[in-house]
Amino acid sequence: MEFHSMLVHFPIALLLASVVLDVLGALRHDEKLHYAGYYTLIGGVGGAVLAVASGMFEADRIAERFARMRQTMAEAGAAFPGGEEMRMQMLQTVSVHRLLAFAVLAVFLVALFWRVSQKVLLTGRALSSYLLVVLVGAAILVSTGFYGGKLG
């Protein structure tokens, strides 16, 4: 199994949990939920850095795997269905997945620095703006997972 596939579940879960905890903290006016959101954000960003790094490493290997699969089928005398069109679709999916992954990492890094600069807790307009940013980040994160699942 690929290392990247094993790593991605942690940042997905932690980042989405962070968003949910902060939204609930805002709705319930509960500082403890905001603190929990902050600490899951730290773990999620750390995991996202590892997931993106491992994804970059494995993306370089995709073309190699595709070529080996094509060669193995040719040696077995089997036709390779889809051929070049399939390869192009796969590379396009990898590109979209990579772009979205970088966007997720950027959004949540900004969110983390925002939280740190505000001494963890946000209030008023800053909290509303922060929640909007992380909700957009969560939507991008879900899209990233969708494209990653297509590659799996």
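Residues numbered from 1 in each chain as written. Predicted model: local features only at pLDDT ≥ 70, side-chain atom pairs only at ≥ 80, totals over all residues. Heavy atoms only, no water.

Comments concerning the overall build of the chain
Reasoning step 1: Each helix and strand counted, the chain has five helices and zero strands in total.
Reasoning step 2: Radius of gyration (C-alpha) of the chain: 19 Å, far over the 15 Å computed for a compact globule of 152 residues.
Reasoning step 3: In terms of principal-axis extent, the alpha carbons of the chain reach across some 65 × 20 × 20 Å.
Reasoning step 4: Counting over 152 residues, the chain shows a buried share of 35%.
Reasoning step 5: If you take every contact in the chain between residues at least 6 apart in sequence, the share linking residues at least 24 apart comes to 73%. (Helix = DSSP H or I, 4+ residues; strand = E, 2+ residues; numbered from the N terminus. Rg over C-alpha atoms; globule rule 2.2 N^0.38 Å. Buried < 20%, exposed > 50% of the residue type's maximum accessible area, 1.4 Å probe, protein only. Contact = heavy atoms within 4.5 Å.)

Some points on the packing of aromatic side chains
Reasoning step 1: Per the counting criterion, the structure on display carries three aromatic pairs.
Reasoning step 2: Consider the rings of Tyr38 and Tyr39, whose centres lie 5.0 Å apart with planes at 70°: the pair is edge-to-face.
Reasoning step 3: Relative accessible area serves as the criterion here: at 10%, Tyr38 is assigned to the buried category.
Reasoning step 4: For Tyr39, a relative accessible area of 53% corresponds to the exposed category. (Phe/Tyr/Trp six-rings, centres within 6.5 Å; stacked < 30°, edge-to-face > 60°.)

A few points about the pattern of salt bridges
Two side chains bearing opposite charge may form a pair once their charged atoms approach each other closely.
Reasoning step 1: All told, the structure shown has one salt bridge when counted by the stated rule.
Reasoning step 2: Of the charged contacts, one joins Arg115 and Asp22 as a salt bridge, the two residues approaching to 2.7 Å between their closest N and O atoms. You can see Arg115 sitting in helix H4 (residues 83–117) and its partner Asp22 sitting in helix H2 (residues 9–28), a full 93 residues away along the chain. Of the two residues, Arg115 and Asp22, both sit in the buried class. (Salt bridge = Lys/Arg side-chain N within 4 Å of Asp/Glu carboxyl O.)

These values are about where atoms sit, not about what they do.
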